[in-house]
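Read off the chains here:
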Amino acid sequence: MVTRELIFEEVRKEVDTELPSRMKCLYVCESMEDINKWLEIFKRTNKKNKDYQIVKLELTGKCVTLDASYVLRQNISLNKKREQAKSYWNGEVKDDEKEVLFEGIAVVKEIICSNK
């Protein structure tokens, strides 16, 4: 996972340094439907920590919507992962597994739910 993120960060800098870094951004969702999709993904992939809180945010900064299918569920060569990182940062859609990266100021406006 660390190697993947380093590759994606290196390619981001080559494609457009103004795009939010996956290593420094806040991952946000635009709808409850998107939140529910990500909760299912997290349930499958993160068996240890199931605590979460869903909050409504006021965002000031930059957001970019990208296709997370280039990132998820793939055990492939580093060269192929680099190619996928280029497609990801260029905004190409493969499976429309939407993720939104946000960089800026986020203010919590409301706590929607918590399972703690």
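All of these numbers come straight from a predicted model, not from anything done at the bench. (Residues numbered from 1 in each chain as written. Predicted model: local features only at pLDDT ≥ 70, side-chain atom pairs only at ≥ 80, totals over all residues. Heavy atoms only, no water.)

Draft legend 1. Here's a closer look at the environment of D34. Secondary-structure assignment places D34 in helix α2 (residues 32-45). Separated by 65 residues in sequence, D34 and E99 place their C-alpha atoms 8.5 Å apart. Residue contacts for D34: discarding those within four places in its chain leaves C29 and K98. Within the local environment of D34, its side chain forms a polar contact with the side chain of K98, the two groups lying 3.2 Å apart. (Helix = DSSP H or I, 4+ residues; strand = E, 2+ residues; numbered from the N terminus. Contact = heavy atoms within 4.5 Å. Polar contact = N/O pair within 3.5 Å; in protein donor to acceptor, adjacent residues only side chain to side chain.)

Draft legend 2. Fine view of the sheet that holds strand β3 (residues 98-114). Across the sheet, 3 strands lie side by side as β1-β3-β2; this open sheet has antiparallel pairing. Of all strands in the sheet, those bounded by a partner on one side alone are β1 (26-28) and β2 (53-67). On average, each strand axis in the sheet is tilted by 40° relative to the strand beside it, whichever way the strands run. (Pairing = 2+ DSSP bridges. Axes fitted to C-alpha atoms, helices over the stretch in contact; angles between N-to-C directions.)

Draft legend 3. Here's a closer look at the pattern of salt bridges. Inspection of the entire model under this criterion finds 12 salt bridges. Between E14 and R82 there is a salt bridge; the shortest N-O distance is 2.6 Å. You can see E14 sitting in helix α1 (residues 2-15) and its partner R82 sitting in helix α3 (residues 78-89), a full 68 residues away along the chain. Taking relative accessible area as the criterion, E14 reaches 46% and is therefore assigned partly exposed. Given a relative accessible area of 22%, R82 falls into the partly exposed group. (Salt bridge = Lys/Arg side-chain N within 4 Å of Asp/Glu carboxyl O. Buried < 20%, exposed > 50% of the residue type's maximum accessible area, 1.4 Å probe, protein only.)

Draft legend 4. Quick look at the nonpolar core. Residues F8, L66, Y88, W89 and L101 are the most contacted members of the largest nonpolar core, which totals 13 residues. When contributions to this core are tallied by element, the ones reaching two or more residues are α1, β2 and α3. Residues in contact with L101, not counting those within four places in the same chain, are P20, R22, C25, L26, Y27, K62, C63, V64, L66, Y88 and W89. (Core = buried A, V, L, I, M, F, W, Y, C linked by side-chain atoms within 4.5 Å.)

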